[in-house]
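# Working through the structure, step by step
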Amino acid sequence: MPNEADRPRRVTVDGNGPMLIEGPVEIVQEDGTIAASDRFVVAVCTCRRSRILPWCDTSHRRRRKPPGAAPREEGDQPHSHDPKDTDDGDQH
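Residues numbered from 1 in each chain as written. Predicted model: local features only at pLDDT ≥ 70, side-chain atom pairs only at ≥ 80, totals over all residues. Heavy atoms only, no water.

### Concerning the pattern of salt bridges
- For the structure on display, the rule yields one salt bridge.
- E30 is paired through a salt bridge with R48; the nearest N and O atoms lie 3.0 Å apart. Residue E30 is found in the loop between β3 (25-28) and β4 (34-37), and its partner R48 is found in the segment after β5 (41-44); the two are separated by 18 residues along the sequence.
- Overall, the relative accessible area of 74% leaves E30 in the exposed class. (Salt bridge = Lys/Arg side-chain N within 4 Å of Asp/Glu carboxyl O. Helix = DSSP H or I, 4+ residues; strand = E, 2+ residues; numbered from the N terminus. Buried < 20%, exposed > 50% of the residue type's maximum accessible area, 1.4 Å probe, protein only.)

### Observations regarding the side chain of S37
- Relative to the helices and strands, S37 resides in strand β4.
- At 3.2 Å, the side chain of S37 forms a polar contact with the backbone nitrogen of R39. (Polar contact = N/O pair within 3.5 Å; in protein donor to acceptor, adjacent residues only side chain to side chain.)

### Some points on the environment of Q29
- Residue placement: Q29 occurs in the loop between β3 and β4.
- For the pair Q29 and P54, spaced 25 residues apart in sequence, the C-alpha separation works out to 7.6 Å.
- Leave out the neighbours within four places in its chain, and Q29 touches I34, A35, L53 and P54. (Contact = heavy atoms within 4.5 Å.)

### A closer look at a nonpolar patch on the surface
- Taken together, the side chains of L20, F40 and V41 present a nonpolar region at the surface, about 290 Å² in accessible area.
- Relative to the assigned elements, V41 resides in strand β5. (Patch = residues over 30% accessible without salt bridge, like charges linked within 9 Å, V, L, I, M, F, W, Y side chains within 5 Å. Areas by Shrake-Rupley, 256 points an atom, 1.4 Å probe, with all protein chains shown as cover.)

### Points about the state of the cysteines
- The final tally for this structure, using the stated rule, is zero disulfides.
- The thiol of C45 is not disulfide-bonded; the next cysteine sulfur, from C47, is found 3.8 Å away.
- Taking relative accessible area as the criterion, C47 reaches 28% and is therefore assigned partly exposed. (Disulfide = S-S within 2.5 Å.)

Take it as geometry only, folks, not as evidence of what the structure does.
Below is the structure:
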């Protein structure tokens, strides 16, 4: 899959996420295998946590907290929505 000579490939680098490359692309991996995609843009993993290397699976998001985020307190659990707890005016 050679590059088209009429325009260069655009690569977008974001230090907090994957490298975005305009496709189609072929990526030669360390072991010599080739990963190919014909999508118009692909996200290539840069954190090495992805389970589908060389593609990004957003694993980088699971270990990062936003700057200035307070540490989670004891008992501060994520919400789960229980449909029985809705206040929709109906008597259940």
